[in-house]
Amino acid sequence: MYRNAKNVGYYLIGQGSLAQLEDILNERRQKIAGPAIFFLDHFFQNQDLASKLPKKDTDLLIYVDTTEEPTTEGVDSYRDQAKAFLDGRTPCALLAFGGGSTMDTCKCVGNLLTNPGNSADYQGWDLVKNPAPYKIALPTLSGTGSETSRTGIVMNSAKNIKLGMNSDLTMFDQVILDPDLTASVPRNQFFYTGIDTYMHCFESLTGSYRNAIVDALSAKAIDLCKEVFLSDDMMEPKNRELLMIASFIGGMAAGFVGTVHPISAGLSMVLHMHHGLANCYALSVQEDIYPEQYKDFMTMMAKQKIDLPKGICANLTDDQFTALYEASIVHEKPLSNRLGPNFKEIFTKENVISRFKQM
Ligand code: ZN
C-alpha cells in the first residue's frame, strides 16, 4: 500500500509577508460573501496584532485559550461559537495565528463546520467526509508543523487519548510564513516548540515505516534545526526564518513518529503538559533508545541555556503512573515503528513507569 500524499495548497515566505494577507483575503471575499473568522492565540489578547490585521467589523475574532492543548470539549465549543455567529452563512476564510494549539483548533473547527457530529467522532484516520471552509495558517510559533500537516490533534479525556483528525481535508489551503510573527515568543517556549520538528524527523528516520521523500525532507529539517539550535542565538531573525522553514518541511514530511511522542502524549493527557515541553521530558529518559539524538539534544539545550527542571513526577500516585503508562502504550503504531511488533516486551509497564519516575 502506497500513501497518496497531499501537500499544502499555497505558501509564501519572507519577512514582512504578513502584508500580503490583505490581497489574499480580498480574493476570498470576492468569491464568497460570508465573513472571515480569525483564530488568535490568547497570547495576543494584550498585544497589537489584531489591530494590524485586515479584519472587517463584520468578521469574527476568536481568542483561543491555549493554556492547555485543544480538547474535544474546547473544539466543540469554538465550533458552536462560530456556527452561532455564521447563522447559516459560509465563511470566506478561517485564519489561524498561533502555534500548534491555535492552528489545530482552527483546522478541527473547520471540519466541524461542514461535517455533522462532534470532534470526538473524527479522531482517527480519514473520517472527515466534507471539505472544510478555506483555511489560512499564519504560524507565530515554529515547530509543530501543524501549518503543513494533515492532522489537528485533540485531547479526549473520556477516552484518555490524544489523537488527531487525520485527513487531507484537515490541511490548510494557504500558509504565510513571516518570521516577524515569532519575534515575541519567550525563549524557553521557542526552544521547546521548535525542537518538536527535530523530534518528529529523527523519530521518522529511525523508524521502520519509511518513504524516500519523507526521509529527504526529514533529513533537511534536522539539518536546519541543528543549524538554529547550535548557533549562538537561536532567536536572531535569520534563525527564526530557518526554524519556520524547518517546521514547514517537518510538517510536510509528517512521517511516523517513534517512542518520544507516545511518552509525550502520556504527559499531555495526564499532567496537561504542553506538547513541546513534554517531548523534551520524553527524550530526556530515552538515551538507551535514541543515544545519538539524546546527545545532540542535550548539547542544543546547553548551547541555548534551556532548562528542564527535574522532579515533575515526584508526587504522583500509583493510579496516575498507571494512567501515564496507559496513555502512552495505546500508541501502538509509533511504538512498533521504533521497537518492532513486540514493543510491549521492551516497554513493559514497569519499564515505562520507571522512565516517568526519572523525569
Ligand atoms: Zn510533535
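Please read these numbers as outputs of a predicted model, since none were measured by experiment.

Any chance you could explain the overall build of the protein here in plain terms?
The helix and strand inventory of the protein stands at 13 helices and nine strands. Scaling as 2.2 N^0.38, a compact globule of 359 residues should have a C-alpha radius of gyration of about 21 Å, and the protein matches this with 20 Å. Over its C-alpha atoms, taken along the principal directions, the protein stretches across nearly 60 × 45 × 45 Å. Looking at the protein as a whole, 58% of its 359 residues are labelled buried. Relative to all contacts within the protein whose residues are 6 or more apart in sequence, the contacts with residues 24 or more apart total 77%.

Is there a simple way to think about the packing of aromatic side chains in this case?
The description of two aromatic rings rests on the distance between their centres and on the angle between their planes. Under the definition given, this model contains nine aromatic pairs. With a centroid separation of 4.9 Å and 55° between ring planes, the pair formed by Y11 and F248 is classed as tilted. Of this pair, Y11 sits in strand β1 (residues 10-13) while F248 sits in helix α6 (residues 237-253); the two residues are 237 residues apart in sequence, bridging distant segments of the chain. Using a relative accessible area of 7% as the deciding quantity, one classes F248 as buried. A ring pair is formed by Y198 and F202, whose centres lie 5.3 Å apart and whose planes are at 70°; its orientation type is edge-to-face. Linking Y198 with F202, this pair stays in helix α4 (residues 187-205), spanning four residues, or about one helical turn. F202 carries the same exposure label as Y198, and that label is buried. One aromatic cluster is present, formed by F191, Y192, F229 and F297 through successive ring pairs. The aromatic ring of Y134 is capped on one face by R28, whose charged end is 3.9 Å from the ring centroid. In this structure, K357 is placed above the aromatic ring of F321, and the distance from its NZ or CZ to the ring centre is 5.1 Å.

What should I look at first to understand the pairing of strand β4 (residues 93-98) in this one?
Sheet faces and side chains relate simply in a regular strand, where the side chains alternate between the two faces. Of all the six residues making up β4, six are buried; the element is thus mostly covered by neighbouring parts of the structure. Side chains A93, L95 and F97 project from β4 onto one buried face, and the interleaved L94, A96 and G98 project onto a second face that is buried too. Pairing analysis gives five bridges linking strand β2 (residues 36-41) to β4, with the strands arranged parallel. Residue pairing across strands places A36 opposite A93, the latter belonging to β4. In the sheet, β4 pairs with strand β6 (residues 135-139) via five bridges, with the strands oriented parallel. When the bridges of β6 are listed, F97 appears paired with L138.

Looking at this structure, how should I read the coordination of the zinc ion?
The protein atoms donating to the zinc ion are D196 (OD), D196 (OD), H200 (NE2), H261 (NE2) and H275 (NE2), with metal-donor distances spanning 2.0 to 2.8 Å. Sequence positions of the residues that donate to the zinc ion give the spacing D-x3-H-x60-H-x13-H. Here H261 is found in helix α7 (residues 260-271), whereas its partner H275 is found in helix α8 (residues 275-284), with 14 residues between them in sequence. With relative accessibility at 12%, the residue H261 sits in the buried group.

What should I look at first to understand the sheet that holds β4 in this one?
Backbone hydrogen bonds hold the strands of a sheet together, and the pairing may be parallel or antiparallel. Pairing within the open sheet is parallel, and its six strands lie in the order β1-β9-β6-β4-β2-β3. The open sheet has two edge strands with one neighbour each: β1 and β3 (60-64). Each adjacent strand pair in this sheet contributes to an overall mean axis angle of 15°, direction not counted. Where β6 lies against strand β9 (residues 174-177), two bridges are found, and the strand directions are parallel. When the sheet's bridge partners are listed, A137 is paired in β9 with V175.

Any chance you could explain the sheet that holds strand β8 (residues 161-166) here in plain terms?
Read across the open sheet, the three strands follow the order β5-β8-β7; overall the sheet is mixed. Each end of this open sheet is capped by a strand with a single partner; those strands are β5 (124-125) and β7 (153-156). Across two bridges, the pairing between β5 and β8 is parallel. Within β8, the position partnered with W125 by the bridge is N166.

Explanation requested: the domain arrangement of the protein in the structure shown.
Interface size, as often reported, equals the accessible area lost upon joining of the parts. Taken domain by domain, the protein comprises domain 1 (10-182) and domain 2 (187-358). Spacing between the C-alpha centres of domain 1 and domain 2 amounts to 25 Å. Residue-level contacts link 30 residues of domain 1 with 30 residues of domain 2. Carbon and sulfur atoms supply 63% of the area buried between domain 1 and domain 2, which totals about 2,500 Å² over both sides. One can count zero salt bridges joining domain 1 with domain 2. Remark: the boundary between domain 1 and domain 2 carries 14 residue pairs in polar contact (both at pLDDT 80 or more). At the level of secondary structure, the elements contributing two or more residues to the side of domain 1 that touches domain 2 comprise β1, β7, β8 and β9. Looking at the side of domain 1 that touches domain 2 residue by residue, the classes come out as nine nonpolar, 15 polar and six charged.

Calculation rules
- Residues numbered from 1 in each chain as written.
- Predicted model: local features only at pLDDT ≥ 70, side-chain atom pairs only at ≥ 80, totals over all residues.
- Heavy atoms only, no water.
- Helix = DSSP H or I, 4+ residues; strand = E, 2+ residues; numbered from the N terminus.
- Rg over C-alpha atoms; globule rule 2.2 N^0.38 Å.
- Buried < 20%, exposed > 50% of the residue type's maximum accessible area, 1.4 Å probe, protein only.
- Contact = heavy atoms within 4.5 Å.
- Phe/Tyr/Trp six-rings, centres within 6.5 Å; stacked < 30°, edge-to-face > 60°.
- Lys NZ or Arg CZ within 6 Å of the ring centre and 35° of its normal.
- Pairing = 2+ DSSP bridges.
- Donors = N, O, S within 2.8 Å, 3.2 Å for Na, K, Ca; no water.
- Axes fitted to C-alpha atoms, helices over the stretch in contact; angles between N-to-C directions.
- Domains from an automatic or database assignment.
- Buried area = accessible area lost by both parts, 1.4 Å probe.
- Salt bridge = Lys/Arg side-chain N within 4 Å of Asp/Glu carboxyl O.
- Polar contact = N/O pair within 3.5 Å; in protein donor to acceptor, adjacent residues only side chain to side chain.
- Nonpolar A, V, L, I, M, F, W, Y, C, P; charged D, E, K, R; others polar.

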